[in-house]
Amino acid sequence: MASSPCSSVNFDSGLEIKTRSVEQTLIPLVSQITTLINHKDKPKKSERTQQAIQRVGQAVSVAVGRFVAVGEAIAMENEELKEEMGMACFEARRAGDAIAQLTDVGTAVTPPVDRRTTVFSDRTGMVKAARMLLSSVTKVLVLADRIVIKQIITSRNKVLVTLEQLERVSTFQEFVQIFSQFGNQMVEFAHLTGDRQNDLKDENKKARMAAARAVLEKCTMMLLTASKTCLRHPDCESARINKDAVFHRMRFALEQVMEIVTDARPCGETKVLPLSIYTGIKDFKSNVEGLREGLYLLPHQALSGQLEAVVERTEDFTDSAYTSHEHREGILQLCQLARQDTDQLITAWMEAQSLNAKEATEEMELSILKTCQSVYELRRELHKVAVGRAADLLKLHAEHLPLRALKASGGEGNLEAVAEYARTLGEQKEQLVETCRLLCHVSGTEPLEITCIHAEETFHVIGPQIISAAQTLALHPSSKIAKENLDVFCEAWESQLCDMAVLLREINDVFEGRRGGTASGDKRAYVSLPRPGKHSANLKTVKAVKLDAEEQSTIAKLGLELRLLTSDVDTEVEKWEDQEHDIVRQGQSLSSMAYSMHLFTRGEGLLKTTTDLFHQAEVLSEEGLQLCSSLHTFSTQLMDEEKVVVLSEMEKLMGLCQQLQMGVRTPVQGKTATFQKVDSSIQNTRAIITVVIYLLPVCNKIVRKYKSERSNLGSPQSWRERQSSTPVKDDVLNGKNSNGFGVKSLEQHMANLTFLESK
């Protein structure tokens with residue numbers, strides 16, 4: 001919190017803040033308390049200023065009173081935290097009262113000469129009250145956060161119990177009954193973990209959470225069909241293997257989520273990411289550039305040893321059977337050049353030390369620049385090889401030929417053909433696994449490294465699962481459930497290829513300096529576990545349709561307009577200072593989805609069928625409604641004229657999103673009706689993006705204006721703009737939420753602490 005107002009007050013609550021909601025809730029309070037303390041530097045104030053400060057003190061006291069009431073309600077509903085929470089609430093209330101008393105004009109001394117009032121005569125008392133208030137409020141928030149963690153653990157435990165029941169069922173009737181319960185529990189778990197993922201401050205933890213939740217998303221459907229196949233064919237060994245693998249992976253993902261949520265690891269072990277080439281080069285460059293300020297801080301061998309460690313890791317590229325001779329030679333030459341430049345640097349460095357130089361000599365400075373340039377060239381070459389390999393693979397496997405062949409040969413009961421195509425898929429799997437490893441080396445950030453590792457593990461696991469599902473179908477070629485099971489695993493493979501394409505784009509963005517490279521699961525907030533009703537035991541799949549050449553040509557013009565609009569969104573987004581603002585992130589997300597729909601109109605990209613398009617459109621409409629929620633929250637801090645503009649566009653956006661949602665959910669039959677639905681979906685999407693393009697500069701202008709006009713006594717906008725876009729219902733604010741209180745409701749009460757402006 002070094003960059004926030006929290007850093008300006010020295011207090012120690014003894015509690016580590018791990019979530020953004022807790023941290024951001026504290027910022028306005030810290031800002032106001034800091035203002036009160038800093039005003040002691042000018043003990044004599046005008047009557048107007050003195051009255052404004054009094055209002056601040058009273059507002060703090062009233063807001064803390066409301067806040068404490070929520071904390072006390074939490075204590076009543078959670079026996080295990082009752083004592084701790086009660087004490088923290090008592091201290092917060094006492095500190096709030098003390099601040100109100102210290103800022104009360106009635107207790108101040110009024111000198112008769114200049115008619116000015118001296119407040120805060122007891123500076124020690126004010127500092128003590130401020131420290132107590134910040135410490136106790138922080139403790140209340142962190143205790144409330146522990147309840148959120150408890151909810152996630154309880155939800156996970158329910159899922160595990162039901163998972164064990166599903167693994168032991170022996171009849172279809174029992175399975176259908178238990179799976180219905182399991183589906184509802186997974187949806188609850190998805191919402192809880194999704195909120196937690198978005199709330200985490202640590203980007204690496206967010207990436208790990210996104211990876212674990214992605215596994216659970218895919219495994220939920222796999223578990224359904226694999227279990228049904230096993231029940232239908234109880235003596236089939238390949239079906240049992242298929243099912244066991246799904247249950248094992250699901251338990252592993254649930255355990256990963258718990259490790260992240262509770263900050264615990266079995267046997268106290270600490271998981272460290274494998275050192276990537278990017279990280280190695282970054283550390284090497286840092287040490288090289290650090291020689292300018294510290295000629296005597298490192299031994300010479302440390303630098304050359306560090307470079308050799310990087311060179312050794314490039315063997316993942318040069319030893320690969322899939323790396324061309326030209327690329328291999330290029331990498332080896334750049335490694336040798338980096339060695340030569342480092343040797344020259346060490347020579348110049350030793351010479352500077354022999355002269356007892358206090359800073360880098362001119363010759364040494366030149367060597368530093370050359371060494372940094374050579375390792376950058378090496379990184380660029382490795383990036384080009386890894387990204388090029390991944391792009392080629394995605395293009396090569398876009399038609400999913402091995403999957404089609406496995407489905408066909410399995411349906412024919414041809415075990416020999418299944419074995420042959422299984423080898424082909426196995427080779428593809430090895431290529432993808434190795435490519436993910438290379439991407440990890442050049443990804444550019446630790447969150448993206450985690451996502452690369454997740455992709456590698458996913459291909460490694462799903463490949464054999466597809467083969468076992470194909471073997472089951474070949475043994476029972478007339479089994480509809482065995483065919484459905486193979487389809488589900490193939491879809492999971494195709495889905496991971498789509499995720500890999502998005503990951504590739506993010507890695508390129510980071511390398512070219514366009515984005516910071518957070519976890520892909522965080523950026524694509526629309527990736528979540530299945531919603532209720534999508535995975536019932538008698539699930540029916542809507543038949544997917546591909547557009548013919550004439551239809552493709554007809555919608556190509558619409559698609560081009562969509563492409564131009566997404567470019568406009570990207571342009572507007574780049575103008576924002578705060579790239580993590582909810583409105584910015586959701587605008588980017590909408591633009592990304594609209595771009596994939598544009599590619600569909602050209603017969604390109606990852607959306608292959610009309611079903612893919614309609615699903616993407618539905619997800620886009622949901623993200624648009626989330627943006628509406630963010631805009632509504634944003635509007636609550638605006639003046640009347642600005643508020644009317646934002647709310648007017650928000651209502652227009654909401655109507656368009658609902659129209660799109662209803663359209664894609666309406667079933668149609670026949671080629672003509674399907675094409676009309678495609679046309680309507682793209683036109684509605686175009687209208688949504690048009691509204692977004694209008695809103696982005698309007699909101700950006702407002703944010704900049706409020707930032708420049710913010711007074712010393714109030715900075716509510718910086719906090720409110722970063723709050724969760726999920727609206728809180730009145731019954732929650734009134735304490736009627738049957739699930740108990742959580743951090744989100746506390747945030748709403750803490751919002752009162754921002755109403756502390758000098759007027």
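Structural data are supplied above this passage.
This is a predicted model, so every value here is computed, not measured.

With respect to the overall build of the protein
- Broken down by element type, the protein carries 25 helices and two strands.
- In the protein, buried positions account for 51% of the 759 residues.
- For the protein, long-range pairs separated by at least 24 residues make up 79% of all intrachain contacts whose partners lie at least 6 apart in sequence.
- Accessible area for the protein stands at about 35,700 Å²; split by element, carbon and sulfur atoms hold 51% of it.

Regarding the nonpolar core
- Of all hydrophobic cores here, the largest spans 105 residues; its most connected members are Phe-182, Leu-223, Phe-317, Met-364, Leu-439, Ile-466 and Trp-493.
- Counting the residues that make up this core, at least three belong to each of domain 2 (169-265 + 399-512) and domain 3 (278-384).
- Ignoring sequence-local partners within four residues, the contact set of Phe-317 consists of Ile-277, Thr-323, Ile-331, Leu-382, Val-385, Ala-386, Leu-438, His-441 and Val-442.
- One finds Ile-583, Val-646, Leu-695 and Leu-696 within the second-largest nonpolar core, a separate group that totals 47 residues.

Quick notes on the environment of Ala-75
- Structurally, Ala-75 is set in helix H2 (residues 47-77).
- For Ala-75, a relative accessible area of 5% gives the class buried.
- A C-alpha to C-alpha distance of 6.5 Å links Ala-75 and Gly-86, two positions 11 residues apart in sequence.

Thoughts on the packing of helix H19 (residues 582-601) against helix H20 (residues 610-635)
- For the pair H19 and H20, the least separation of the axes is 9 Å and the interaxial angle reads 160°. Overall, the two elements H19 and H20 adopt an arrangement that is roughly antiparallel. Considering the relative orientation of H19 and H20, their crossing is left-handed.

Side note on unusual backbone geometry
- Positive phi, close to 55°, is recorded for His-400, a residue that is not glycine.
- Topologically, His-400 is positioned in the loop between helix H12 (362-396) and helix H13 (401-411).

Cut-offs applied
- Residue numbering note: each chain is counted from 1, following its sequence as written.
- Local features in this predicted model are restricted to residues of pLDDT 70 or higher, and side-chain atom pairs are both shown and tallied only at a pLDDT of 80 or more, whereas totals for entire chains, interfaces and linings draw on every residue.
- Side-chain numbers come from the whole structure's heavy atoms, not from hydrogens or water.
- By definition, any uninterrupted DSSP run of H or I lasting at least four residues is a helix, any uninterrupted run of E lasting at least two residues is a strand, and each is numbered from the N terminus.
- A simple rule labels every residue: compare its accessible area, found with a 1.4 Å probe on the protein chains alone, to the largest value its type can have, and call it buried under 20%, exposed over 50%, or partly exposed in between.
- Whether two residues are in contact is decided by their heavy atoms: any pair within 4.5 Å suffices.
- In short, Shrake-Rupley with a 1.4 Å probe defines the accessible areas, and a residue's cover is counted only from the protein chains shown.
- What we call a nonpolar core is a set of buried Ala, Val, Leu, Ile, Met, Phe, Trp, Tyr and Cys residues that are connected through their side-chain atoms within 4.5 Å.
- Reported domain spans reflect what an automatic or database domain assignment gives.
- Where helices are involved, their axes are fitted lines through C-alpha atoms of the stretch in contact, as for all axes, and angles between N-to-C directions lie from 0 to 180°.
- For classification purposes, an angle smaller than 35 degrees is called roughly parallel, one larger than 145 roughly antiparallel, one from 65 to 115 roughly perpendicular, and anything else oblique.
- Left-handed describes a crossing whose near helix is turned anticlockwise from the far helix by less than a right angle; the clockwise case is right-handed.

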